[in-house]
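# Structure at a glance
The chain contents come next:
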Amino acid sequence: MSIPKMNKHEWESKLKEIKVNKSDLNKLIMNYLMMQGYQEAIEAFEQESSSITTTTTATATATATATNTDTINTTTDTINNNNNNHSINHNNNISTRVTIRNELMNGNISKAIQLINNFNPKLLQSSPKLYFHLKNQQFIEFIKNNQLDEALQFAQLEIAPIITIENEIDFLNEMEKSMSLLAFSEMENSPFGILLTSVQRKKIASEVNFEILKILDSSSSKKGNTDNENKEENNDDTSVVDLNIVTKLHYLLKVLQYLQLKLQEKKSFPKIENFVTCELVQSKMVLNNNSHLNSGGISGISGISGGLHNEEEEMEEEEEEEEL
């Protein structure tokens, strides 16, 4: 049986036929900057591009056309409906998120925790994992400042009480990695040296930002009367991506990854395997791909989301290693 194939030249020719509106790209970038809380970048970008803060989408049209236009239409409708019905005015809260992020990136974890509690006292109470990560980061900051006695005392008084039977395995594993730093004379060059870099701080800052957006989204949803009941009914469907707390750019990359997997069931074509370099690599046709991808429409996207986070973290780690 001959395998349907599209070579790199044909694929690139198809891509060149796709016209993406520059204003859509500007809105996509603006959405990313606002969700991540980069206030200075927002102001500079807004002046340069005259972009408005309403979010929209630019999609992987070439891949969608080759596989299933209904799927990409569903994606576009999902994003546009979300913008119309569940939008959050991120300008109203961005200064708070920026302040908290700056404190975390500067290693002022105690101050960040205070700001989080001032913003919403229930946030850390409802997210014990985030609270543990913040406390663990405080422990790491003591080590970075060579305050080893204070670090051990802090671990005993502040972190040990957080660890319970329910979270014991996960929390202890993470704590062991942090404690392992003390066993090395040159901690930065140890297997866990990455914990002492800005990559670790960025990871915590992103986690905090995400939880704050969830709180804001929840508050915004309660104010709405039109689709509130439908949203509650769909809360159990973990495949639904809430675009109020995930950047549109991240979501669209998941769409692209999903559509590539679907198209790979039908033909061989140049696909993007590394979302950092975006280099096109000729794929092999794969019959009967993972069952969750065949189970119905765009919901399959949720099953492939992990890879994007991993690649983002790997890129940050590589940059940090180059700096060192």
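Just so it is clear, the structure is predicted and the values come from calculations on it, not from any experiment.

## A short note on the nonpolar core
Counting residues in hydrophobic clusters, the biggest one holds 18 residues, and the most contacted among them are I100, L104, I116, L124, L134 and V208. Looking at this core, the elements with two or more residues in it are α6 (94-105), α7 (109-119), α8 (128-144) and α11 (198-223). In terms of residues, this core owes the most to one element, α11, which gives 6 residues. With residues near it in sequence (within four places) discarded, L104 still touches I109, A112, L134, R201, I204, A205 and V208. One finds I159, I162, L181 and L196 within the second-largest nonpolar core, a separate group that totals 15 residues.

## Points about the pattern of salt bridges
This model, assessed by the stated rule, comprises 4 salt bridges. Note that E158 is salt-bridged to K135, the shortest N-O span being 3.3 Å. Taken together, the residues span a long stretch of sequence, with E158 in helix α9 (residues 148-159) and K135 in helix α8 at a distance of 23 residues. For E158, a relative accessible area of 34% corresponds to the partly exposed category. We classify K135 as buried; its relative accessible area is 9%. Between E211 and K214 there is a salt bridge; the shortest N-O distance is 3.7 Å. Residue E211 and its partner K214 are both found in helix α11; the two are separated by 3 residues, about one turn of the helix. Accessibility expressed as a relative area gives 36% for K214, which makes it partly exposed.

Cut-offs used in this document
- Residues numbered from 1 in each chain as written.
- Predicted model: local features only at pLDDT ≥ 70, side-chain atom pairs only at ≥ 80, totals over all residues.
- Heavy atoms only, no water.
- Core = buried A, V, L, I, M, F, W, Y, C linked by side-chain atoms within 4.5 Å.
- Buried < 20%, exposed > 50% of the residue type's maximum accessible area, 1.4 Å probe, protein only.
- Helix = DSSP H or I, 4+ residues; strand = E, 2+ residues; numbered from the N terminus.
- Contact = heavy atoms within 4.5 Å.
- Salt bridge = Lys/Arg side-chain N within 4 Å of Asp/Glu carboxyl O.

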